[in-house]
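Coordinate inspection notes
Each chain, letter by letter, is given below.
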Amino acid sequence: MKKLLTTLTLSALMALSVQAAQQQDHRSMLMKDMRIMLESMEQIQRGGLYSSSDEMKAGVKKLQGTLKSLEGDDVKWILPKDQKYAYQFAQKTASMLHLYSDDMVASIDAGRMDDALEDYNQLLKQCTSCHIRIRNW
């Protein structure tokens, strides 16, 4: 009986530690993606300020590469559990980030830098909107 109880206790502890490790891995990965998103936005802004369309496009490409984490179920690991709308809001934000970043590239290709910088402004609004609503900043 003691052996069974000990085995069950150890199994439960191992399962909890594995789950905690997975949660930390998901959270770490998502936080890394958030840092990359910030770097991408900085790169786009720097490219706009220095009239470097190549740098702006590189920033957009880097940003779009990280949006998969917002679109999938993994984003649930960093969202508040008490906000039921948080997951749908994160997915909508990712969709809007795709839309504005695609439009930015089209504007850059067409030589409309004012429109591209307006798209940057819309990207930034999406970022801050999510941080204000979801993260309660």
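All values reported here derive from a predicted model rather than from experimental measurement.

Quick notes on the rules
Residues numbered from 1 in each chain as written. Predicted model: local features only at pLDDT ≥ 70, side-chain atom pairs only at ≥ 80, totals over all residues. Heavy atoms only, no water. Salt bridge = Lys/Arg side-chain N within 4 Å of Asp/Glu carboxyl O. Buried < 20%, exposed > 50% of the residue type's maximum accessible area, 1.4 Å probe, protein only. pLDDT = per-residue confidence, 0-100. Helix = DSSP H or I, 4+ residues; strand = E, 2+ residues; numbered from the N terminus. Expected span 1.5 Å × (residues − 1). Arc of directions from axis to C-beta.

1. Overview of the pattern of salt bridges
- By the definition in use, this model includes three salt bridges.
- Asp115 is the salt-bridge partner of Arg112, the closest N and O atoms lying 2.8 Å from each other.
- What makes Arg112 partly exposed here is its relative accessible area of 38%.
- Judged by relative accessible area, Asp115 falls into the partly exposed class, the value being 36%.

2. Some remarks on the confidence of the model for the chain
- Put simply, the chain has an average pLDDT of 81, and 73% of its residues get 70 or more.
- At the level of individual helices and strands, the chain shows its lowest average pLDDT in helix α1 (residues 2-49), which scores 72, and its highest in helix α2 (residues 53-66), which scores 95.

3. Notes on α2
- Under the 1.5 Å per step criterion, the end-to-end length of α2 is 20 Å for 14 residues, consistent within 8% with the ideal 20 Å.
- Taken as a whole, α2 has its buried residues at Met56, Gly59, Val60, Leu63 and Thr66. Taken down its axis, α2 places every buried residue within 125° of arc, on the same side. Projecting away from the buried face of α2 at angles above 90 degrees are the exposed residues Asp54 and Lys61.

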